[in-house]
Amino acid sequence: MDLQIALLLGQDGIVNGAIYALLSLALVLVFAVTRVIFIPQGEFVAYGALTLASLQAGQAPGTLWLLLGLGVAVTAIDAPHAWRQGSRQLAGLVARQLVYPLVMIGLVFGAAGAAPKDWPLLLQVLLALAVVVPLGPQLYRVAFQPIAEAPVLILLIVAVALHLALVGLGLLFFGAEGSRTPAFSEAAFEVGGLTITGQSLWVVGASAVLIVALYIFFGRSLYGKALRATAINRSGARLMGISTTLAGKLTFLLAAAIGALSGILIAPITTIYYDTGFLVGLKGFVGAIIGGLVSYPVAAAGALLVGLLESFSSFYASAFKEVIVFTLIIPVLVWRSLTSRHVEEEE
Amino acid sequence: MRSLLAPGPILGVFLVLLVLGPQFLPEFHITLLNYIGLYALVALGLVLLTGVGGLTSFGQAAFVGLGAYATAWLTTATNLPAWMGLLANPWGGLVAGMVVTALVALLLGLLTLRLSGHYLPLGTIAWGISLYFLFGNLEFLGGHTGISGIPSLSLAGFELRDGRHYYYLIWLVLLMAVWLTRNLLDSRAGRSIRALKGGVVMAEAMGVDTGRAKLVIFVLAALFACLSGWLYAHLQRFVNPTPFGLHIGIEYLFMAVIGGAAHVWGALVGAAVITILKQWLQDLLPQLFGATGNFEVIAFGLLMIVVLHRARDGLWPWLARWVPEQKSALAGRLREAEPLPRRAVPSGGTRLLEVKDAVKQFGGLLANDRMNLAVSAGEILALIGPNGAGKSTLFNLITGVDPPTSGEVHFLGEAVAGLNSRTIARMGMSRTFQHVRLLAGMTVLENVALGAHMRGRHGVPVAMLHLERGEELRLLAEAARQCERVGLGMHLDDAAGSLPLGKQRIVEIARALAADPCLLLLDEPAAGLRFLEKQALAELLKQLRAEGMGVLLVEHDMEFVMDLADRVVVMEFGKKIAEGLPHEVQIDPAVIEAYLGGVE
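Residues numbered from 1 in each chain as written. Chains lettered and ligands numbered in written order. Predicted model: local features only at pLDDT ≥ 70, side-chain atom pairs only at ≥ 80, totals over all residues. Heavy atoms only, no water.

Residues and elements named next belong to chain A. For the pair helix α8 (residues 198-220) and helix α11 (residues 244-266), interaxial distance at closest approach is 10 Å and the crossing angle is 170°. As far as their axial angle goes, α11 and α8 are roughly antiparallel. Of the two elements, α8 crosses α11, and the hand of that crossing is right-handed. Mapping the contact onto sequence places Gln-199, Trp-202, Val-203, Ala-206, Leu-210, Leu-214, Phe-217 and Phe-218 in α8 and Leu-254, Ile-258, Leu-261 and Leu-265 in α11. Taken together, the residues of the contact of α8 with α11 break down into 11 nonpolar, one polar and no charged. (Axes fitted to C-alpha atoms, helices over the stretch in contact; angles between N-to-C directions. Helix = DSSP H or I, 4+ residues; strand = E, 2+ residues; numbered from the N terminus. Parallel < 35°, antiparallel > 145°, perpendicular 65-115°, else oblique. Left-handed = near helix turned anticlockwise from the far one by under 90°. Contact = heavy atoms within 4.5 Å. Nonpolar A, V, L, I, M, F, W, Y, C, P; charged D, E, K, R; others polar.)

So, in structure tokens, the structure goes:
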């Protein structure tokens, strides 16, 4: 291998690693706040990318119907409670869970004058996000909130079950063929004989901006602090008037947003299939586990390492690249188990 | 509820139907039953691992793959080295597959089992994916196309080519595995596995090597999966990586959970439900949606979520409530058992336990600050002090749950600080817990028998064949004796979780006594007891003292303590503030200040 190839692989690794880093942050966040190991994180990547691709192809993405379906389900579950709380609560619930999906459906079918296919890219991206991101809190409400106090293992099995259902739905919505979306920027720069595409700068830049934004959110904003408090001590946070339900929904909202945005960022670089998200998400996981599911900076660094390892092993032993990446997790787990002393919690 | 539905006849009818099945069922149903049998074998391993042991694996399909590929490769490869010639047949393939699987499981288990709860399933996801990609990318295993032309099995010269004949083999193997698993669970080794769910600290205090117990069920579950893979390869006579991927591994776990992960027969129910449902949905959904694909996963995912929300124990308990519980065959013979040998009792006054300058520091907090105390044979020492004084921390130092930061602990003249609690327990120290740690679903008798764990020796293989019935009878008889002694004689067959809290504390004492200790550590045994029960407990402790046992007692009930204890040690803020005879410490000004606040 010469320097040229090494630089190329390094660039590739950093671009993928940036995405894995974003996902690993989301995973750490979800685990810390809700104790859910969020296996379906990857499905949001695929949903985000494929929803955008559908909009650009002038089709109605299936996620639109999922948004409406879950909206109906959440309304059905929450309506009795909201009814007792008063008509304003009920109106809010209906607006969020029924009217909002209908508005989205209207937009997709051209209610704004032009079909989304003819919109500028930025608006298309925003619409795709507006369709996919609310699925996060909706899924939390339906799948996790009823068993929020269950043991981690039960939550994990539910997460795996949800992943399976979402992959199946992904196949139903988007079919077995993959999609690629046009790049955000066609620019390319020559630096010392190495070509850097505008899209990879977009990916790395957007990841960096998001990471900084998350840092500020958690450090400065009241909601961010509430989430951190919930992560540190659930019952303590509840005694301080922080709703763990709200914290759960907010976390899932962030996780869904990070996932969908990641998907939209990489869709111009790699072809995304309905089941691509799973492996992408799991690689974010390997990074998150390197961080012990607690440390954000270590998780991000671990995810970058995974990206680099993947791109270099795809050069040396391309057939075994998945084997290498996922086997990495085992020494990491062992290292984790040796460095962290496990003390059994009292009830 | 008395009914005709006794377990024996039901099992009999089931077996008769199973044997007669192929005579009148169409080919298609036989195939379905074959697959149910194969899947149930894997799910059975998960029952042991997940339902009983509390460990979760999403990677069982990879072990199935190891079993299938081992035999597929050995029976079809044309250029095997000469020394492997002996293995180039299905039986060689079985042996090789089992050995490879056991080694891989052992390695993965050693690496990942000591991780706390959720890391293990994550690890299984990772190696589940790794092995799947490995099968698909190794050239000698045929890559993604796989291996075809695997020979069919021959038993005593009879070739099992027909699915109807193979059916008998699959179900025979499955029923044997069920029998072995049931035997295992109903034994000393099985109790130590079931104890894993009660927490590592409790199991280790009873002398159970929990690391080993976890490894054993992990390897057993992998071997069941491997056996299923071997059967699959010779039934299908073709293998490729697809059925060994992570999604199938997840499906196996679903089978166990939906059937009822804590019950052996739940594996069969779960495998049947999922297999039949899958068959039906695979026909129905593509028509419904007008597209091809594995849409059944949507239904499985939703079904699983509903089951975990509404009926976490799965279908089996719901089916089983129509059938009365079957008592162990040994229950009627407890009285004829020969008593277990007892430990030599140290003579009265022998120094049993000595704690010297023990310090325990948690960060900046000194939980125990140069604590000293000693307990002799035939003596009851009470350790009292306000909440947060460091009494439970001291218990943990003595019993080996947590090593002291500095200082010494001597038990029977030997330094034990730093030893693990299992080793210390073996030397003759037994304890109860402040927060009761019983296995709620197990009977009182079984819970107490767990205490006698260290007095038996037979391991897993013997237990699976039930060749240890003599020893098991003696262990259960000892447990029954201890139950009688503490006044639980009428509750032997009750689930421990169904007793009131006070009685559960007494069960803990019986469990500790079943270990035949010379030193007994009791953490608030009288909490939650009624007056008469307290009196009975005091009588029991006096009797134990008369027999030469040393007792270290933490208790808040002062009347109970002062009537019973020979000496009292008072702690506050990690330090000993007083020691002496009960009536002395009662008038000690430092003690009065600690309990009632200063006198101005």
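So, on to the confidence of the model for chain B. All names here are of chain B. Taken over all residues, the pLDDT of chain B has a mean of 88, while the share at 70 or more is 97%. When mean pLDDT is taken per element in chain B, helix α9 (residues 210-236) scores highest with 94 and helix α23 (residues 589-596) scores lowest with 81. For this predicted complex, the interface confidence reaches an ipTM of 0.87, while the overall pTM sits at 0.88. (pLDDT = per-residue confidence, 0-100.)

This brings us to the environment of Trp-171 of chain B. All names here are of chain B. Considering the arrangement of structural elements, one finds Trp-171 in helix α6 (residues 163-185). The spacing of Trp-171 and Phe-28 is 143 residues in sequence and 16 Å in space, taken between C-alpha atoms. For Trp-171, the residues in contact, after removing those within four places along its chain, are Phe-14, Leu-18, Leu-33, Asn-34, Ile-36, Gly-37 and Leu-268.

Moving on, we come to the sheet that holds strand β8 (residues 406-411) of chain B. Residue and element names in this part refer to chain B. The four strands are arranged β6-β5-β8-β9 in an open sheet whose pairing can be described as antiparallel. Where the open sheet ends on each side, the last strands, each with one partner, are β6 (365-376) and β9 (414-415). Relative to β9, β8 runs antiparallel, the two being bridged by two bridges. Looking at the pairing, His-410 lines up with Ala-415 of β9. Most of the contacts of helix α14 (residues 391-399) go to strand β5 (residues 351-362), to which it runs at about 120°, and overall it touches β5, β6 and β8. (Pairing = 2+ DSSP bridges.)

Right, let's talk about the pattern of salt bridges for a bit. Residues and elements named next belong to chain B. Enumeration according to the criterion identifies 27 salt bridges over all chains in this entry. The closest approach of N and O atoms between Glu-478 and Arg-455, which form a salt bridge, is 3.0 Å. Remark: Arg-455 occurs in the loop between α16 (444-451) and α17 (460-464) and Glu-478 occurs in helix α18 (residues 469-485); sequence separation between them is 23 residues. Shared partners join several salt bridges into a network, and the residues in it are Glu-379, Arg-567, Lys-576 and Glu-579. (Salt bridge = Lys/Arg side-chain N within 4 Å of Asp/Glu carboxyl O.)

Time to look at the sheet that holds strand β12 (residues 550-554) of chain B. Two pairing modes exist for strands in a sheet, parallel and antiparallel, and in both the strands are linked by backbone hydrogen bonds. Residue and element names in this part refer to chain B. Pairing is mixed across the open sheet formed by six strands, whose spatial order is β10-β11-β12-β7-β13-β14. Where the open sheet ends on each side, the last strands, each with one partner, are β10 (429-431) and β14 (575-580). Averaged over all pairs of adjacent strands, the angle between their axes in this sheet comes to 20°, without regard to strand direction. Where α14 meets the sheet, it contacts β7 (380-384), β10, β11 (519-523), β12 and β13 (567-572), and its direction lies at approximately 150° from that of β11.

Another aspect to go through is the interface of chain B and chain A. Counting residues at the interface gives 52 residues for chain B and 50 residues for chain A. Of the roughly 4200 Å² buried where chain B meets chain A, counting both sides, 78% is carbon and sulfur surface. Applying the counting rule to chain B against chain A returns zero salt bridges. Along the contact surface separating chain B from chain A lie three residue pairs in polar contact (both at pLDDT 80 or more). Where the side of chain B that touches chain A is concerned, the elements lending two or more residues are α4 (90-112), α5 (119-137), α8 (200-205), α10 (246-259) and α12 (296-310) of chain B. Ranked by residue count, the leading element in the side of chain B that touches chain A is α5 of chain B, at 12 residues. (Buried area = accessible area lost by both parts, 1.4 Å probe. Polar contact = N/O pair within 3.5 Å; in protein donor to acceptor, adjacent residues only side chain to side chain.)

The subject of this paragraph is empty space enclosed by the protein. All names here are of chain B. All chains considered together, the criterion is met by four cavities of 30 Å³ or more. Contributing to the lining of the largest cavity are Ala-205, Thr-399, Ser-421, Ile-424, Ala-425, Met-429, Ser-430 and Arg-431. Those elements giving two or more residues to the lining of the largest cavity turn out to be α15 (421-426) and β10. Of the residues contributing to the lining of the largest cavity, the split by class is four nonpolar, three polar and one charged. (1 Å grid on protein atoms, 1.4 Å probe; cavity = no way out; pocket = protein on both sides within 12 Å on 5 of 7 lines; lining within 4 Å. Points joined across faces, edges and corners; volume = space filled by probe spheres on them.)

So, about the environment of Ile-329 of chain A. As for its position among the elements, Ile-329 of chain A is in helix α15 (residues 329-339). Exposure remark for Ile-329 of chain A: the relative accessible area of 4% places this residue in the buried category. Sequence spacing of Ile-329 of chain A and Ile-290 of chain A is 39 residues, and the spatial spacing of their C-alpha atoms is 7.9 Å. Once you skip the residues sitting within four places of it in the chain, Ile-329 of chain A turns out to touch Val-286 and Ile-289 of chain A together with Ala-126 of chain B. (Buried < 20%, exposed > 50% of the residue type's maximum accessible area, 1.4 Å probe, protein only.)

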